[in-house]
Every structure is written in structure tokens, then in C-alpha cells.
Amino acid sequence: MPGSKSRRLVVLGTGTGVGKTHVARAVARALGQSGPVLALKPVETGAPHSDARELDALNPFPVKPHPLYALDPPISPHLAARQASQIVEIASIIQWISAQESLLGDAPESWTVIETAGGVLSPLSPAARNFELALALEPAEWLLVAPDALGVLNQLSLAMTALAKLGRKPDAVVLSSPPPGDASTGTNAAELSALGIVDPVACLKAGDQDVAELIRWLRRRGS
Ligand SMILES: Nc1ncnc2c1ncn2[C@@H]1O[C@H](COP(=O)(O)OP(=O)(O)OP(=O)(O)O)[C@@H](O)[C@H]1O
Ligand SMILES: [Mg+2]
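Model, not experiment: these values are computed from the prediction.

Cut-offs applied
Residues numbered from 1 in each chain as written. Chains lettered and ligands numbered in written order. Predicted model: local features only at pLDDT ≥ 70, side-chain atom pairs only at ≥ 80, totals over all residues. Heavy atoms only, no water. Donors = N, O, S within 2.8 Å, 3.2 Å for Na, K, Ca; no water. Helix = DSSP H or I, 4+ residues; strand = E, 2+ residues; numbered from the N terminus. Buried < 20%, exposed > 50% of the residue type's maximum accessible area, 1.4 Å probe, protein only. Pairing = 2+ DSSP bridges. Phe/Tyr/Trp six-rings, centres within 6.5 Å; stacked < 30°, edge-to-face > 60°. Lys NZ or Arg CZ within 6 Å of the ring centre and 35° of its normal.

### Considering the coordination of the magnesium ion (ligand 2)
Those donors, T21 (OG1), D51 (OD) and E115 (OE), are the protein atoms that reach the magnesium ion (ligand 2), and they lie 2.0 to 2.2 Å from it. Mapped onto the polypeptide sequence, the residues donating to the magnesium ion (ligand 2) form the spacing pattern T-x29-D-x63-E. In this pair, T21 is assigned in helix 1 (residues 20-31) and D51 in helix 2 (residues 50-56), connecting sequence segments 30 residues apart. Overall, D51 belongs to the buried group, its relative accessible area being 16%.

What follows is the structure in C-alpha cells.
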């Protein structure tokens, strides 16, 4: 990353509404205790683009434009872009992110937290999914967020199998519990582990903003 010493955390999801923004904000706040943090949402569908606004509230300076691709219909990014006669270009996203990072300069302990739109294999264009965007953002830590809810054993089995086949697994998995939860909430992390699907690094209960375990894990990765 020329011009910046920022480390990147790419927040991927097993789907939409799984807790990516909740986790991204909590992580950005926690990392912000030790250095400057940028929290970015390059592509957002569904006006009024509240994820970008919520993330931007944590930034040391207002990021403009944010999101880079502000697509109004609440549908898949590739389709919303097509309806707006646009194409979501990975190269433009990288350029936009790098430009923001360069404003952070050489500050030590700086991070860029990047929330993707929808699920890890959601299409951004006919040519690229969030997976390809995450690859283009390397070197980066990949955090896969999944809901602590019924269905997550299947969702994470599918995601981990597909990502292994694609040759790049997430570096960490975090569960988040959108309220009100269900009968499985609280059981899923242990079951994912016992079934050999994945060992989640952290599980955020409803209302929980405590990402200390995840931050420790990130610091260990960097040392
Ligand atoms: N641990 C949690 N505690 C309280 N609320 C949560 C938690 N996790 C998620 N939520 C809530 O669940 C809803 C969906 O979460 P969130 O918006 O973070 O999902 P997302 O993956 O970012 O969705 P999108 O795909 O639309 O970007 C939000 O209202 C959020 O506040
Ligand atoms: Mg979100």
C-alpha cells in the first residue's frame, strides 16, 4: 500500500443482514483506541445508504463520496449498478480506498476497516464478487461475519467449503446475534467447532460491542 502503513480488515458476510456493520463499527471503535482508523463501505445498495453514514461517523475526516457506489434500489449491487447504467469497478474501489488511506499518512497502528455489500459471493458486477474485491485488497485480514442464529451451521459449511475451493479462506469468523435471536442462539459457536466446520474467534451477544477477543487476535496476527 504505497503512501500508507494501514493494515486492512475486510469484513465479509455469509449474507445480508448478518451483522457486518455491527461488527465493523465495534472493531473500528476498539482499534481507534490505539491509532487512526478508517471505516469504509465502498458499495452500498438501498437508499439512504445508512451503513456508509454510520461508519463515516467514526472516521477522523469525512470521506467523500461515501459510499463510492451509492446505489438506491435495495437489490444486488451488480443489478442496481446495471439499472443505473454503471459498472462497479474493483480498480476504482482500490483507488478510492488508497486515496483515503494516504490521508492517514504514516501513523502507526492505523487500520482500514472495509465492509462489503451482502455476502462474500454476492456479485458486484458480471466480472467480480466481494471475493474478488477482497483479493484485490490484499494484503488484508479477512473477517467473515455470520449470524448466531438457526441456519448458520449450514451457511458456514457452505461458505467455508466454497472459499476453500476458491483458494482463500477467511482469517477469522465472528458470530453476531441480531436480536431477538432464536433457540439456537448461544449454541452455534460450540457446535460449529465440534462439527469441525470452523472455530469462531468471537461471538457477540445481542447488544454486545465487546470485540476484545477479536482485537487480541488481530494484534497477534500482526506481531
Ligand atoms: N450483536 C448484535 N447486537 C445487537 N444488534 C445486532 C447485533 N448484530 C447485528 N445486530 C443488528 O441486526 C441488524 C443487521 O445487522 P447489520 O446491519 O450489522 O448487518 P449487515 O450484515 O451489515 O447488513 P447489510 O448486508 O445490510 O449491510 C441491525 O439492526 C444490527 O443493529
Ligand atoms: Mg451493513
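Resuming the write-up.
### Digging into the pairing of strand 6 (residues 141-147)
For a regular strand, the rule is simple: side chains alternate between the two faces of the sheet. Of all seven residues in strand 6, seven are buried; the element is thus mostly enclosed. Burial along strand 6 is two-sided: E141, L143, V145 and P147 facing one way and W142, L144 and A146 facing the other are all buried. Sheet analysis places strand 1 (residues 7-13) next to strand 6, joined by five bridges and oriented parallel. Paired with G13 across the two strands is V145, which belongs to strand 6. Judged from the five bridges that link them, strand 6 and strand 7 (residues 172-176) form a sheet pairing that is parallel. Looking across to strand 7, one finds that V145 is bridged to V174.

### Section: the packing of aromatic side chains
Across all of its chains, the model carries one aromatic pair by this definition. Where F131 meets W142, the ring centres are 5.5 Å apart and the plane angle is 90°; that geometry is what we call edge-to-face. With F131 in helix 5 (residues 130-136) and W142 in strand 6, the pair connects residues that are eleven residues apart, well separated along the chain. Side by side, F131 and W142 carry an identical accessibility label, which is buried. Seen from the ring of W142, R168 lies directly overhead, with NZ or CZ sitting 4.1 Å from the centre.

By themselves, these are just geometric observations and shouldn't be taken as functional.
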